[in-house]
Amino acid sequence: MPGEIYDFSFAFNLKIPTADRRRNLTTGRFDESFVLIATKHIFPAALDLKLGYIVVGRRAGEKLQNRFLGGMALRYGLNERWRLVGDIYGLSRAAKGEKNEANFQVGIRFRPDLPVFFDAAIGRSLLPSGTRIQGTLGLTWSRALNF
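Because the structure is a prediction, the values reported are computed rather than measured.

Enquirer: Got a minute to help me understand the packing of aromatic side chains in this structure?
Expert: Aromatic rings in a pair are described by how distant their centres are and how their planes are angled relative to each other. Applying the stated rule across the entire model yields four aromatic pairs. Ring centres 4.7 Å apart and planes at 45 degrees place the aromatic pair tryptophan 82 and phenylalanine 110 in the tilted group. Taken together, the positions of tryptophan 82 in strand 5 (residues 82-91) and phenylalanine 110 in strand 6 (residues 101-110) put the pair 28 residues apart, joining distant regions of the chain. Classification of tryptophan 82 by relative accessible area gives partly exposed; the value is 35%. Positioned over the ring face of phenylalanine 117 is arginine 109, at 4.1 Å from the centre of the ring.

If you want it as structure tokens, here you go:
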């Protein structure tokens, strides 16, 4: 079908501990995420399917465990620089005895005349076991590898 393009990509995300450790909002350690993304472009929209693994930074004695991630995102291009984004995803439980999480976010993405994207989103949990409200700010460096 004309206008369709398929992409596969890999993302590495680094979560920097900025929340208050005394309130038990962070481990105080970095988390690394490794995510495979399959994208189908149907201009001006794109659908991303994601599958990933999160290496959780934890202190000795903490019962946290590494997590699996799965989800999908829909991006809609408003023009050459601006995109609306909706994202829904699930995470395996953070520790034994806890429940899995399901969350969603909506936001915007801006691409200047550089190989980077700036994005911002706000969201909440779809289940009582997840994050109540969340906000994200991001910077993505993107470089195509042509084989």
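Having seen the model, we can carry on.
Enquirer: Even after reading the chapter, I still don't get the nonpolar core, so can you show me in this structure?
Expert: One broad rule of soluble globular proteins: the nonpolar side chains tend to lie buried together. With eight residues, the main nonpolar core is built from Ala11, Val35, Ile37, Ile54, Val56, Leu69, Tyr89 and Leu91. Elements that contribute at least two residues to this core include exactly strand 2 (31-42) and strand 5. When near neighbours in sequence (up to four residues on either side) are disregarded, leucine 91 contacts Ile54, Arg67, Phe68, Leu69, Asn100, Glu101 and Asn103.

Enquirer: Got a minute to help me understand the pairing of strand 7 (residues 116-125) in this structure?
Expert: For a regular strand, side chains alternate in direction, first toward one face of the sheet and then toward the other. Judged from the eight bridges that link them, strand 6 and strand 7 form a sheet pairing that is antiparallel. Looking at strand 7, one finds that glycine 107 is bridged to alanine 121. In this antiparallel pair of consecutive strands, strand 6 and strand 7, the connection spans five residues. In terms of strand pairing, strand 7 meets strand 8 (residues 133-141) through nine bridges, oriented antiparallel. Bridging from a neighbouring strand, glycine 123 pairs with glutamine 134 of strand 8.

Enquirer: What is the right way to look at a nonpolar patch on the surface in this model?
Expert: Together, Phe10, Phe12, Leu14, Ile16, Phe30, Phe34 and Leu36 line one region of the surface with nonpolar side chains, adding up to about 720 Å² of accessible area. Mapped by element, the contributors of at least two residues to the nonpolar patch are strand 1 (4-15) and strand 2. Looking at the nonpolar patch element by element, the count peaks at three residues for strand 1. Summarising the element assignment, leucine 14 is placed in strand 1.

How each quantity is defined
- Residues numbered from 1 in each chain as written.
- Predicted model: local features only at pLDDT ≥ 70, side-chain atom pairs only at ≥ 80, totals over all residues.
- Heavy atoms only, no water.
- Phe/Tyr/Trp six-rings, centres within 6.5 Å; stacked < 30°, edge-to-face > 60°.
- Helix = DSSP H or I, 4+ residues; strand = E, 2+ residues; numbered from the N terminus.
- Buried < 20%, exposed > 50% of the residue type's maximum accessible area, 1.4 Å probe, protein only.
- Lys NZ or Arg CZ within 6 Å of the ring centre and 35° of its normal.
- Core = buried A, V, L, I, M, F, W, Y, C linked by side-chain atoms within 4.5 Å.
- Contact = heavy atoms within 4.5 Å.
- Pairing = 2+ DSSP bridges.
- Patch = residues over 30% accessible without salt bridge, like charges linked within 9 Å, V, L, I, M, F, W, Y side chains within 5 Å.
- Areas by Shrake-Rupley, 256 points an atom, 1.4 Å probe, with all protein chains shown as cover.
- Salt bridge = Lys/Arg side-chain N within 4 Å of Asp/Glu carboxyl O.

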